[in-house]
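Residues per chain, in single letters:
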Amino acid sequence: MNQATQRNSTDAEKSSEIDNRAADLDVPSWKFWKKRRYVVACLAFFGFFNVYALRVNLSIAIVAMTEEKIILTENGTTTYKEFDWDSEMQGWLLSSFFYGYIVTQLPGGWLAARIGGNKVFGVGIAATAFLTLITPFLAHTNVYLFLAVRVIEGIFEGVTYPCIHAVWARWAPPLERSRLATIAFSGSYVGTVVSMPVCGLLATYVGWESIFYVFGVIGLVWWVFWMLIVKESPSTDPHISKAELRYIKESLGDFADGNKNIKHPWKSILTSAPVWAIVASHFSENWGFYTLLTQLPKFMKDTLGFELTKTGFISAVPYLAMAIMIQFCGHFADWCQIKGYLTTTQVRKIFNCGAFVAQTVFMLGAAFLLSPVGSMVCLTLAVGLGAFAWCGFSVNHLDIAPQHASVLMGLSNTFATLPGILSPTISGYIVKTPTDEEWKIVFYIASSVYFIGCVIYGIFCSGELQPWAMESQPLNKTNKNENNIQGHDNATYESDNL
């Protein structure tokens, strides 16, 4: 009798969720502005656009700040450098951002879970934008003030990635997490694609100072829209439809409104092999990414012979490939699960490890070729195929422990920030002359890190909810069992008119 009652209750829950999903999907998918969770995703996209525009601007600006300039005098011509920093000092300046960035990963995730990811995310980007506006003044004043402001910018930006998982914990139905996450994360690559050539043009035709002024203002304008539109949870959004609110709340349970008293099982987290697999993968992907992010403009100018105006445009090509590929990969990963071709664990492992193997090969190719066309093709493929890895480790936190995803992202991104510190500094010590052989060493190191990350993730990765995360799991039990068998069903792939 009890089993019959429980079965009837389960059937009622399923029927209610299907009805709410159907009502929500009556809105055509292309009218994303009528679904508040997709409005949040789009604004998060522009948020990450700013995160990376504010982060990479120095990679282009420092080339203009330290290049030799020719001036005409009565006695002929002479050359000078506005900032006569050697390669080691440039390495410290490029990596200084990450000394601050690494500090606020875990605190950012913890804080977002308690006061709302939307608030911390917005303030983090706004503060970075303001500090960017005063960067030229500090650079002219003293190199160590310049160094300090970059560290402080990193402190504020360090909260952004952990915070966005706190936002998705309240806004993203489990069946749409991959799509919403890839929409948001792709903003970082579009930001890189746009900012690099724009920075090159600004530096050439207006002056390197304009790079910091333009992107600082854009960041502050975005913050105004973010704070006005994005609310802490669906329940506090006055513009959300009743159908969408019911759908999100029934999908997420009580956690749709946030659990500000959640306790994180730190011992279990820190002794979990799948957690450390994510950490290793995140570290490896970021090593290659930050190596190119900070060194590619310099490599193209020193070794491939590109002028500054072309450097910004061509440096952006690999990230354009990533921005395009990441959308396709997110949809493809969900499709493999929906069709039952692959389990969640298999999707994560195959996509992530396949990407790392390809990146290892193409990084080595770039090192051996060292020609303008050959090297850029290899580097574009290496970065572009990295999109498959983002369908692995970057959403894996939500697979194994949804309620703790913000602190798990904080943990993995803490270690993944180390490449931002180590890679530019090590590259600065290696590439001094510069010669082709010195640049080869930089690419060999990146290839090795990719391969090691591939092995660790392939062995220890899991896409299953972990035992230590089950006690406070807010998702519907009916969905959990279905996901374990068939993978995640994604309502966004169903007809808009059920």
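Please read all numbers here as calculations on a predicted model, not as lab measurements.

> Which residues make up the overall build of the protein chain, and what values go with them?
The number of helices and strands found in the protein chain is 21 helices and 2 strands. Burial statistics for the protein chain: of 498 residues in total, 59% are counted as buried. A sequence separation of at least 24 residues applies to 83% of the contacts in the protein chain between residues at least 6 apart. Surface exposure of the protein chain reaches about 19600 Å², of which carbon and sulfur atoms provide 65%.

> I'd like to hear about the layout of surface pockets, residue by residue, with values.
Here the largest pocket defines a volume of roughly 380 Å³. If you go around the largest pocket, you meet 21 residues; those closest to its centre are T66, K81, Q90, K298 and D302. For the lining of the largest pocket, the elements supplying multiple residues, two or more each, are helix 2 (36–66), helix 3 (87–101) and helix 13 (273–302). Counting residues per element, the lining of the largest pocket draws most heavily on helix 13, which supplies 5 residues. By residue class, the composition of the lining of the largest pocket is 7 nonpolar, 6 polar and 8 charged.

> Talk me through the packing of helix 13 against helix 16 (residues 344–369); I want residue IDs and the actual numbers.
Interaxial distance between helix 13 and helix 16 falls to 12 Å at its minimum, and their mutual angle equals 35°. In terms of crossing hand, the pair formed by helix 13 and helix 16 is left-handed. In this structure, helix 13 uses S281, S284, E285, G288 and L292 to contact helix 16, whose residues at the interface are N352, F356, Q359 and M363. For the contact of helix 13 with helix 16, the class distribution of residues is 3 nonpolar, 5 polar and 1 charged.

> Could you give me a rundown of the pattern of salt bridges, with the residues and numbers involved?
Under the definition given, this model contains 9 salt bridges. One salt bridge connects E232 with K119, and the closest N-O pair in it is separated by 3.0 Å. With E232 in the loop between helix 10 (209–229) and helix 11 (242–252) and K119 in helix 5 (residues 117–133), this pair connects stretches of sequence that are 113 residues apart. Note on E232: relative accessible area 18%, which makes it buried. Here R150 makes a salt bridge to E153, at a shortest N to O gap of 3.3 Å. With a gap of 3 residues between them, R150 and E153 both fall in helix 7 (residues 143–157), about one helical turn apart. The exposure class assigned to R150 is buried, which follows from its relative accessible area of 2%. Residue E153 is classed as buried on the basis of its relative accessible area of 0%. Three or more residues are tied together by salt bridges with common partners; here these are K119, R170 and E232.

> A description of helix 7 should follow, citing residues and the corresponding values.
If you check helix 7, its first and last C-alpha atoms are 21 Å apart, about what 15 residues at 1.5 Å a residue would give, namely 21 Å. Looking at helix 7, one finds that the buried residues are V143, F146, V149, R150, E153, G154 and E157. Here the buried residues of helix 7 occupy an arc of 145° about the axis, which is enough to place them on one side. Elements in contact with the buried residues of helix 7: helix 2, helix 3, helix 5, helix 6 (135–141) and helix 8 (160–171). N-cap assignment for helix 7: the residue whose side-chain oxygen lies 2.7 Å from the backbone N of Y144 is N142.

> Requested: an account of the packing of aromatic side chains, with residues and values cited.
Overall, the coordinates contain 36 aromatic pairs when judged by the stated rule. Here the aromatic rings of W276 and F415 are separated by 5.4 Å at their centres, their planes lie at 75°, and the arrangement is edge-to-face. Of this pair, W276 sits in helix 13 while F415 is found in helix 19 (residues 405–430), placing the two residues 139 residues apart along the sequence. Note on W276: relative accessible area 31%, which makes it partly exposed. Measuring from centroid to centroid gives 5.1 Å for F299 and W439, while their planes differ by 65°, and the two rings are edge-to-face. Placement of the pair is F299 in helix 13 and W439 in helix 20 (residues 436–460), with a sequence separation of 140 residues. This pair shows no difference in class: F299 is buried, exactly as W439 is. Lying over the aromatic face of Y52, R55 brings its terminal NZ or CZ to 4.3 Å of the ring centre.

> So what's going on with the environment of C461? Residues and values would help.
On the secondary structure map, C461 appears in the loop between helix 20 and helix 21 (477–486). In contact with C461, other than residues within four places in its own chain, are A277, T345, R348, K349 and N396.

> Let's hear about the environment of F356: which residues, and what values?
Mapping F356 onto the fold places it in helix 16. Aside from chain neighbours lying at most four places away, what touches F356 is S281, S284, E285, A389, Y450, G453 and C454.

> Can you break down the state of the cysteines residue by residue, with the values?
Tallying each qualifying case throughout the model produces 0 disulfides. The closest cysteine sulfur to the non-disulfide-bonded C353 is located on C454, 4.2 Å from its own sulfur. No disulfide involves C461; its sulfur sits 7.3 Å from the nearest other cysteine sulfur, which is in C353. Take C461: its relative accessible area is 6%, and that puts it in the buried class.

> Could you give me a rundown of empty space enclosed by the protein, with the residues and numbers involved?
Using the criterion set out here, one finds 7 cavities of 30 Å³ or more in the structure. The space that makes up the second largest cavity amounts to roughly 80 Å³. As for the second largest cavity, its lining consists of S87, Q90, G91, L94, Q295, K298, P424, S427, G428 and V431. Here the lining of the second largest cavity takes 4 residues from helix 3, the largest share from any one element. Looking at the lining of the second largest cavity residue by residue, the classes come out as 3 nonpolar, 6 polar and 1 charged.

> I'd love a proper account of helix 11, names of residues and values included.
Among the residues of helix 11, those classed as buried are A243, E244, Y247, I248, S251 and L252. The arc enclosing the buried residues of helix 11, seen along the axis, measures out at 145°, which places them on a common side. G253 lies just past helix 11 and shows a positive phi near 75°.

Quick notes on the rules
Residues numbered from 1 in each chain as written. Predicted model: local features only at pLDDT ≥ 70, side-chain atom pairs only at ≥ 80, totals over all residues. Heavy atoms only, no water. Helix = DSSP H or I, 4+ residues; strand = E, 2+ residues; numbered from the N terminus. Buried < 20%, exposed > 50% of the residue type's maximum accessible area, 1.4 Å probe, protein only. Contact = heavy atoms within 4.5 Å. Areas by Shrake-Rupley, 256 points an atom, 1.4 Å probe, with all protein chains shown as cover. 1 Å grid on protein atoms, 1.4 Å probe; cavity = no way out; pocket = protein on both sides within 12 Å on 5 of 7 lines; lining within 4 Å. Points joined across faces, edges and corners; volume = space filled by probe spheres on them. Nonpolar A, V, L, I, M, F, W, Y, C, P; charged D, E, K, R; others polar. Axes fitted to C-alpha atoms, helices over the stretch in contact; angles between N-to-C directions. Left-handed = near helix turned anticlockwise from the far one by under 90°. Salt bridge = Lys/Arg side-chain N within 4 Å of Asp/Glu carboxyl O. Expected span 1.5 Å × (residues − 1). Arc of directions from axis to C-beta. Polar contact = N/O pair within 3.5 Å; in protein donor to acceptor, adjacent residues only side chain to side chain. Phe/Tyr/Trp six-rings, centres within 6.5 Å; stacked < 30°, edge-to-face > 60°. Lys NZ or Arg CZ within 6 Å of the ring centre and 35° of its normal. Disulfide = S-S within 2.5 Å.

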